[in-house]
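Chains, contacts and geometry: an overview
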Amino acid sequence: MADFFNSFKQKQKQARIQLENEKLMADINFLKAQVDPHTIFNTINTIHGQLAVDVKSGRDNLVKFSELMHYQLYECNDKFVDVEKEIQHLEKYVDLQKLRRSGKIELECYIDPSLKEMFVAPLLFIPLVENAFKYVSNSNSGKYFIKIDLTRKENTIKFRCENSYTKKSEDAQLKRKSGGIGLDNLKKRLNATYNDRYKLVIDKGTEIFKAELEIYVD
């Protein structure tokens, strides 16, 4: 009788763990699927305008945008993806944003070539870069800038993104109700996937907005 009772309890425990895991994955997939419609709308408009001036470049960027959306919507179903795919996704996003901004922003982007044969949860870096392009504003020196660094130190991936910033630019975004969702979702995904194996620091200064993310990868 005792063996039967213990077996029953064990099965109940396993069933509960399975349900919790399924709920966790459903929550993660829901958060991943949230694409910023404001960014999509602006990018499509920019490419549409480019097609009227330079058809070849417009078509190339349309393909790039299609690949960007395909990756985000269909290729991120696994819990972890090759970091090189994430880098390619990030570079395409930055290229399209550079197109939109028409060279108004001083952009520095460094990707560590040693970032190979590592796996990370998908779409962790994009919200921070998206946030930088969303809130970038001229500093008191009159410069618009974004700096992106993605490096590796042994089993730790370090991502750093900073941009020129003013409180006025944040207030303008909040009035359009387009701010905050990306970073909130990012924190939830990090907690769900990495628990205590990550560190996210957001430093909102008077002229510079900094975001630093460190992920320990087994």
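A short tour of the structure in this document, coming up. (Residues numbered from 1 in each chain as written. Predicted model: local features only at pLDDT ≥ 70, side-chain atom pairs only at ≥ 80, totals over all residues. Heavy atoms only, no water.)

Focus on helix H3 (residues 55–74)
- Over its 20 residues, H3 runs 28 Å from end to end, which matches the ideal 28 Å to within 8%, given 1.5 Å per residue.
- Every buried residue belonging to H3 is among Gly58, Asn61, Phe65, Leu68, Met69, Tyr71 and Gln72, and all of these are buried. One side of H3 carries all its buried residues, which in axial view fall inside an arc of 160°. Opposite its buried face, H3 presents the exposed residues Lys56, Arg59 and Tyr74, each directed more than 90 degrees away. (Helix = DSSP H or I, 4+ residues; strand = E, 2+ residues; numbered from the N terminus. Expected span 1.5 Å × (residues − 1). Buried < 20%, exposed > 50% of the residue type's maximum accessible area, 1.4 Å probe, protein only. Arc of directions from axis to C-beta.)

Let's talk about the nonpolar core
- Membership of the largest hydrophobic core comes to 41 residues, with the highest contact counts inside it found for Leu124, Ile157 and Phe159.
- When residues of this core are traced back to their parent elements, those giving at least two are H3, helix H4 (83–101), helix H5 (126–135), strand S4 (145–153), strand S5 (156–164), helix H7 (181–194) and strand S7 (208–216).
- Every residue in contact with phenylalanine 159, bar those within four places of it in the chain, is listed here: Leu90, Phe125, Leu128, Val129, Ile148, Asp149, Leu150, Ala211, Glu212 and Leu213. (Core = buried A, V, L, I, M, F, W, Y, C linked by side-chain atoms within 4.5 Å. Contact = heavy atoms within 4.5 Å.)

A word on the state of the cysteines
- Inspection of every chain in the model, using the stated rule, returns zero disulfides.
- With no disulfide of its own, cysteine 161 has cysteine 109 as its nearest cysteine by sulfur position, at a separation of 8.8 Å.
- Look at cysteine 161 and you get buried, because its relative accessible area is 2%. (Disulfide = S-S within 2.5 Å.)

Focus on the environment of isoleucine 111
- One can find isoleucine 111 in strand S2 (residues 106–111).
- Residue isoleucine 111 is classed as buried on the basis of its relative accessible area, which comes to 18%.
- Considered as a pair, isoleucine 111 and threonine 151 are 40 residues apart in the sequence and their alpha carbons are 6.3 Å apart.
- Ignoring anything within four residues of it in the chain, the contact list for isoleucine 111 reads Ile87, Leu90, Glu91 and Leu150.

Observations concerning the packing of aromatic side chains
- Tallied over the full model, the rule gives four aromatic pairs.
- On the numbers, 5.0 Å between centres and 25° between planes, the contact of phenylalanine 125 with phenylalanine 159 is stacked. One end of the pair, phenylalanine 125, is in the loop between strand S3 (119–120) and H5; the other, phenylalanine 159, is in strand S5, and 34 residues separate them in sequence.
- Residue phenylalanine 159 is classed as buried on the basis of its relative accessible area of 1%.
- Across from the ring centre of phenylalanine 145, 5.6 Å away, lies the NZ or CZ of lysine 147, which sits over that ring. (Phe/Tyr/Trp six-rings, centres within 6.5 Å; stacked < 30°, edge-to-face > 60°. Lys NZ or Arg CZ within 6 Å of the ring centre and 35° of its normal.)

Re H5
- In terms of burial, H5 is largely enclosed, as ten of its ten residues are buried.
- Inspection of H5 places Ile126, Pro127, Leu128, Val129, Glu130, Asn131, Ala132, Phe133, Lys134 and Tyr135 among the buried residues, and these make up the whole buried set.

A look at the pattern of salt bridges
- This model, assessed by the stated rule, comprises five salt bridges.
- The salt bridge involving lysine 64 is made with aspartate 95; its shortest N-O contact spans 3.4 Å. Here the residue lysine 64 occupies a position in helix H3, and aspartate 95 occupies one in helix H4, the gap between them amounting to 31 residues.
- Accessibility expressed as a relative area gives 22% for lysine 64, which makes it partly exposed.
- Note that glutamate 212 and arginine 160 form a salt bridge whose closest N and O atoms lie 2.0 Å from each other. Separated by 52 residues along the polypeptide, glutamate 212 in strand S7 and arginine 160 in strand S5 bring together distant segments of the chain.
- Its relative accessible area of 30% is what places glutamate 212 among the partly exposed residues. (Salt bridge = Lys/Arg side-chain N within 4 Å of Asp/Glu carboxyl O.)

Section: unusual backbone geometry
- At leucine 123, a position not held by glycine, the phi torsion is positive, near 60°.
- For leucine 123, a relative accessible area of 6% gives the class buried.
- For glutamate 154, which is not glycine, the phi dihedral falls at a positive 55°.
- Note on glutamate 154: relative accessible area 68%, which makes it exposed.

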